There are 2 protein chains.
Amino acid sequence: MNSNDTEHIHRKFKFILGERFTTNSTIREFHAKDASYHVGEPPFAVAFPKKNKEVSDIVKVCLEYKIPIIPYGTGTGVEGGTTSTDDILCISLMEMNDILRVGQDDKDATVQAGVTRLYLNEYLTEIGSQLYFPVDPGADASLGGMAATRASGTSSVSYGTMADNILGLTIITPDGTIVKTGGRAPKSSAGYDLTRLFIGSEGTLGIITEITVKLVTQPESVAAAVCSFTTIEDAVNTVIKVNSVGIHLARIELLDENQMKAVNEYSGLDYDIAPTLFLEFHGSIHSVEEDSKSVREIVVSQGGKDFRWATDEKERDQLWQARYDCFYACLNLRRGAVGYVTDVCVPISNLASCISKTKDLLSRSKLLYTILGHVGDGNFHVVFPLEMGNKDELVEARSLSSQIVEIALMMEGTCTGEHGIGLGKREALYKEHEQGISLMRTIKQAIDPYNLMNPGKVIT
Amino acid sequence: MNSNDTEHIHRKFKFILGERFTTNSTIREFHAKDASYHVGEPPFAVAFPKKNKEVSDIVKVCLEYKIPIIPYGTGTGVEGGTTSTDDILCISLMEMNDILRVGQDDKDATVQAGVTRLYLNEYLTEIGSQLYFPVDPGADASLGGMAATRASGTSSVSYGTMADNILGLTIITPDGTIVKTGGRAPKSSAGYDLTRLFIGSEGTLGIITEITVKLVTQPESVAAAVCSFTTIEDAVNTVIKVNSVGIHLARIELLDENQMKAVNEYSGLDYDIAPTLFLEFHGSIHSVEEDSKSVREIVVSQGGKDFRWATDEKERDQLWQARYDCFYACLNLRRGAVGYVTDVCVPISNLASCISKTKDLLSRSKLLYTILGHVGDGNFHVVFPLEMGNKDELVEARSLSSQIVEIALMMEGTCTGEHGIGLGKREALYKEHEQGISLMRTIKQAIDPYNLMNPGKVIT
């Protein structure tokens, strides 16, 4: 493209967005990559639309001039899903941050894609609603980004993932059409499930601009507790037992001894340096009592120590903040480290064995690591705090990650429980869905024939 | 096609299936249509495969000779989704009826598509499992058919629809490829959600041959009750209140006075002839007590009569059997009648008003009708017992159904909560998803370029 063309195209974008189309180098730098080790180049420009119509108009210009697009939320992804190159127009959704409506009786809300989960929940508290949005990946991600990666997190064992908590979307397809999928009815069997097709498509089929989410009522009672075990197997077996008797915990998180050490150091806490479960119970006062009593019995039967309770809200917040900070606590083990996170998920009955095989593997490596996981879902992460720029370490982390995926796949698991494919898991996706990939590619080519939507991500 | 060709093709099918490929006229007649008023022609033949490989081989022959296919389960659909013509090869899944595995600790099972929900649940009881499959559309439908129409039913207010209770599928695509989607991990963000795309696709994208379903633990305590109200609005407002305070009922069903009269007559019962809620509570002994106490208070506050309990299993079964028989009870109002069922679903806050506008509309018609619904989901049905072969009545029922859809769409609802599109809701689908339709068509054309999979259904 010559500089006349470039000027002409920029003028078109500026006509749509004015100052909200920018080639400022600091802003471009900021949008080069996500929170992971994946290296990116700044996009040639960043657009900050506020309305569906603006996104549609930008996409139409991109189609006309065959300009590839990356939609960008908070940049908290970890698989390189928003990693850019210099021919990309980055469309940031962060100025699409209006809460469009809240349905108190229907327990739903429609928000623009840039609204973050904490912002939505703070807003709900402010207006005096007893409702909140339960999906909680730790980071204060945008709901658009969470939808695009089919995110989940600590509370999904009880409340489900993004796929379970969205009623409908507004999407801008690669030809600029504004499409409403799903709706506000609690259920529907009206044709193909476009909502679920776009959830988890990571911006490769179009841009999610609005989301209608389900909300839940604040539970009457909440209690959180921590208990440690001699071995990680005992902790996981506790989870399996709890699951099998049908007790619904709101959260049930595993942290290995390495992670507990990192947590104590980073968050100034004094937990046992041992495999540990963080638990949260939601329900009526009585059901929380009942459930916690039953779980304690199981914990004792598996050789776990007694519960250490976090009863008031402040203690509970401290406990979960420590959990959310696990990634940073792990990085903190090593000055200036960059994090590499794995993300397999297996049927719960295979979890103890999968973690045990993973630990065997890790014991043969010199890399530092911690293990933590949403074990109620069979999902766990290994975090490697790598030396910034150390290629040998990166190669080793990649090789270990790939071997962990192999272990999980042998155990009927998935290569990615919640982080998506992005750049980092493309080979793993081939291993997991050898036949499915060709169907995914057929869909991608049909909907995005010029391969302009987040090209190179998910499917090569 | 000349008779030599026909013979040649039949030989190919017989080579794959032997006697399980048949042109027997009684069997063909049986597969001409579903349980609804939609009129069909017998397919030219019916295939009864037992294995994925056989389905794949049949589909490859169909692709070679461009023979259209309808996959067929129990034929209990009501929107003409399996309505045939004489150029169709009907692939019945009813001999694919093996339960392939049960994961006791993982609470899942993998079954062939012809396994019905009652057969699976009886099997689970037989092997001494405390697990069961909760989605309950009333009819003893095949799990493949339920997946294909994204079915739900009485228990979905608590346990979700088919879209929420399936982990993975085996599908045969229109080129005969055997594709496994999803898997057994409790969650995954591995690429496009092919599982959810095929759930609700009504056989138009491929054939579902195996399903991995989630199971749930039998609740410790179950209690069911019936209570009647002066007006249907009072009954619906009770449901809205119950929902807003966050009480999770396992079932909450509405039957209007016409339906109650029909139920009493058909099932020999003596309930009040008044708008009535059928309720079921699941949980621990204490939580069921707690929940039913809270719901009773709400019922009283809305002017409802006291609960009539069905405490033991026999009474409970009788109560729910009466509910399942509602359709037949309605047909029983008129000798030899054929049923026409509507199926809108709206946000709960609009439910009372939607039902009220629907009743206004119905009051201006001479057609007999009953109303019943899964009101906890905002979903209700009007059933018309039509005189068999009476075209005027059919035209009027169609017109009323279309007007009920208009009312629901104005209230942000959907034209089909759980019955699917089939033939009967194609126009309504256009009204509901004007822009989405073109995306659905793009997907259909890409995956099934020769339009061989259940042609003419869902999308024209």
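Parameters and conventions
Residues numbered from 1 in each chain as written. Chains lettered and ligands numbered in written order. Predicted model: local features only at pLDDT ≥ 70, side-chain atom pairs only at ≥ 80, totals over all residues. Heavy atoms only, no water. Helix = DSSP H or I, 4+ residues; strand = E, 2+ residues; numbered from the N terminus. Rg over C-alpha atoms; globule rule 2.2 N^0.38 Å. Contact = heavy atoms within 4.5 Å. Areas by Shrake-Rupley, 256 points an atom, 1.4 Å probe, with all protein chains shown as cover. Salt bridge = Lys/Arg side-chain N within 4 Å of Asp/Glu carboxyl O. Buried < 20%, exposed > 50% of the residue type's maximum accessible area, 1.4 Å probe, protein only. Buried area = accessible area lost by both parts, 1.4 Å probe. Phe/Tyr/Trp six-rings, centres within 6.5 Å; stacked < 30°, edge-to-face > 60°. Core = buried A, V, L, I, M, F, W, Y, C linked by side-chain atoms within 4.5 Å. Pairing = 2+ DSSP bridges. Axes fitted to C-alpha atoms, helices over the stretch in contact; angles between N-to-C directions. Parallel < 35°, antiparallel > 145°, perpendicular 65-115°, else oblique. Left-handed = near helix turned anticlockwise from the far one by under 90°. Nonpolar A, V, L, I, M, F, W, Y, C, P; charged D, E, K, R; others polar.

Asks: Teacher, can you tell me more about the overall build of chain A here?
Replies: Scanning chain A from N- to C-terminus turns up 16 helices and 19 strands. What you see for chain A is a C-alpha radius of gyration of 22 Å, in line with the 23 Å of a compact globule of 460 residues. Dimensions of chain A, computed from the C-alpha atoms along their principal axes, are close to 70 × 55 × 45 Å. Long-range contacts, defined as pairs at least 24 residues apart, comprise 72% of the intrachain contacts of chain A with a sequence gap of at least 6. About 17,300 Å² of surface is accessible on chain A, with carbon and sulfur atoms providing 49% of the total.

Asks: Even after reading the chapter, I still don't get the pattern of salt bridges, so can you show me in this structure?
Replies: Opposite charge on two side chains lets them pair, provided their charged atoms get close. All names here are of chain B. Across all of its chains, the model carries 56 salt bridges over all chains by this definition. Between E79 and K425 there is a salt bridge whose closest N-O contact spans 3.2 Å. Of this pair, E79 sits in the loop between β3 (69-72) and β4 (89-92) while K425 sits in the loop between α14 (391-410) and α15 (426-432); the two residues are 346 residues apart in sequence, bridging distant segments of the chain. The exposure class of E79 is buried, given its relative accessible area of 4%. Judged by relative accessible area, which is 3%, K425 ranks as buried. With a shortest N-O distance of 3.0 Å, D272 and K305 are connected by a salt bridge.

Asks: For this particular structure, what's the right way to read the interface of chain B and chain A?
Replies: At the junction of the two partners, chain B supplies 78 residues and chain A supplies 78 residues. Summing the contributions of chain B and of chain A, the shared interface buries around 6,000 Å²; its carbon and sulfur component is 58%. Considering only the side of chain B, the residues that lose the most area to chain A are B:K187, B:S189 and B:Y192, jointly responsible for 16% of the buried surface there. The salt bridge involving B:D164 is made with A:R196; its shortest N-O contact spans 3.3 Å. Elements that contribute at least two residues to the side of chain B that touches chain A include exactly β9 (178-182), α7 (194-198), α8 (232-244), α10 (285-301), α15 and α16 (436-447) of chain B. Counting residues per element, the side of chain B that touches chain A draws most heavily on α16(B), at eight residues.

Asks: Got a minute to help me understand the packing of aromatic side chains in this structure?
Replies: One pair of aromatic rings is described through two measures. These are the centre distance and the angle between the planes. Residues and elements named next belong to chain A. Inspection of the entire model under this criterion finds 22 aromatic pairs over all chains. Seen from their ring centres, F13 and F21 are 5.1 Å apart, and the 20° between their planes marks the pair as stacked. Judged by its relative accessible area of 0%, F13 falls in the buried class. Its relative accessible area of 2% is what places F21 among the buried residues. With a centroid separation of 5.2 Å and 75° between ring planes, the pair formed by F307 and W309 is classed as edge-to-face. Among the aromatic residues, ring-to-ring pairing joins Y37, Y340 and F384 into one connected group.

Asks: In this structure, what is going on with the nonpolar core? I would like to understand it.
Replies: Proteins that are soluble and globular tend to have nonpolar side chains buried together. Grouped together as the largest cluster of nonpolar side chains are 230 residues, with contacts concentrated most on A:L89, A:L120, B:L89 and B:L120. Not counting chain neighbours up to four residues away, the residues in contact with B:L89 comprise B:F13, B:F21, B:F44, B:A45, B:V46, B:A47, B:I58, B:C62, B:I67, B:P68, B:I69 and B:I70.

Asks: Looking at this structure, how should I read the sheet that holds strand β9 (residues 178-182) of chain A?
Replies: Strand pairs in the sheet, formed through backbone hydrogen bonds, run parallel or antiparallel to each other. Residue and element names in this part refer to chain A. Across the sheet, five strands lie side by side as β5-β6-β10-β8-β9; this open sheet has antiparallel pairing. The sheet is open, and its two borders are formed by β5 (99-103) and β9, each paired with just one other strand. Taking the axes of each pair of neighbouring strands and ignoring which way they run, one obtains an average angle of 10° across the sheet. When strand β8 (residues 166-172) meets strand β10 (residues 207-214), the two strands line up antiparallel, connected through six bridges. Within the sheet, the bridge partner assigned to I166 lies in β10 and is V213. Of the strands in this sheet, β5, β6 (108-112) and β10 are in contact with helix α4 (residues 117-126), which crosses β5 at around 55°.

Asks: Looking at this structure, I do not really get the packing of helix α16 (residues 436-447) of chain A against α16(B). What am I missing?
Replies: Between two packed helices, what matters for the description is the angle formed by their axes and the separation of those axes. For the pair α16(A) and α16(B), the least separation of the axes is 9 Å and the interaxial angle reads 130°. On the basis of the axis angle, α16(A) is oblique to α16(B). You can see that α16(A) and α16(B) cross each other, and the crossing is right-handed. From α16(A), A:L439, A:T442, A:I443, A:A446 and A:I447 reach across to α16(B), where they touch B:L439, B:T442, B:I443, B:A446 and B:I447. Residues belonging to the contact of α16(A) with α16(B) are distributed by class as follows: eight nonpolar, two polar and no charged.

Asks: I tried to follow the pairing of strand β14 (residues 276-283) of chain B on my own but got confused; where do I start?
Replies: Successive side chains on a regular strand alternate, one facing one side of the sheet and the next facing the other. Residues and elements named next belong to chain B. Among the eight residues of β14, eight are classified as buried, and the element is accordingly described as predominantly covered. Of the two faces of β14, the one carrying T276, F278, E280 and H282 and the one carrying L277, L279, F281 and G283 are both buried. Pairing geometry for strand β12 (residues 221-228) and β14, over eight bridges, is antiparallel. Within β14, the position partnered with V222 by the bridge is H282. Two elements, strand β13 (residues 251-255) and β14, share five bridges in a ladder whose sense is antiparallel. The residue bridging E253 from the neighbouring strand is F278, located in β14.

Asks: Explain the pairing of strand β16 (residues 337-341) of chain B here, please?
Replies: Residue and element names in this part refer to chain B. Across the five residues of β16, five count as buried, placing the element largely inside the fold. The side-chain alternation of β16 yields two buried faces, one formed by A337, G339 and V341 and the other by V338 and Y340. Taken together, the five bridges between β16 and strand β19 (residues 379-387) define a ladder with antiparallel strand orientation. What sits directly across from V338, in β19, is L386.

As far as function goes, none of this settles anything; it's purely spatial.
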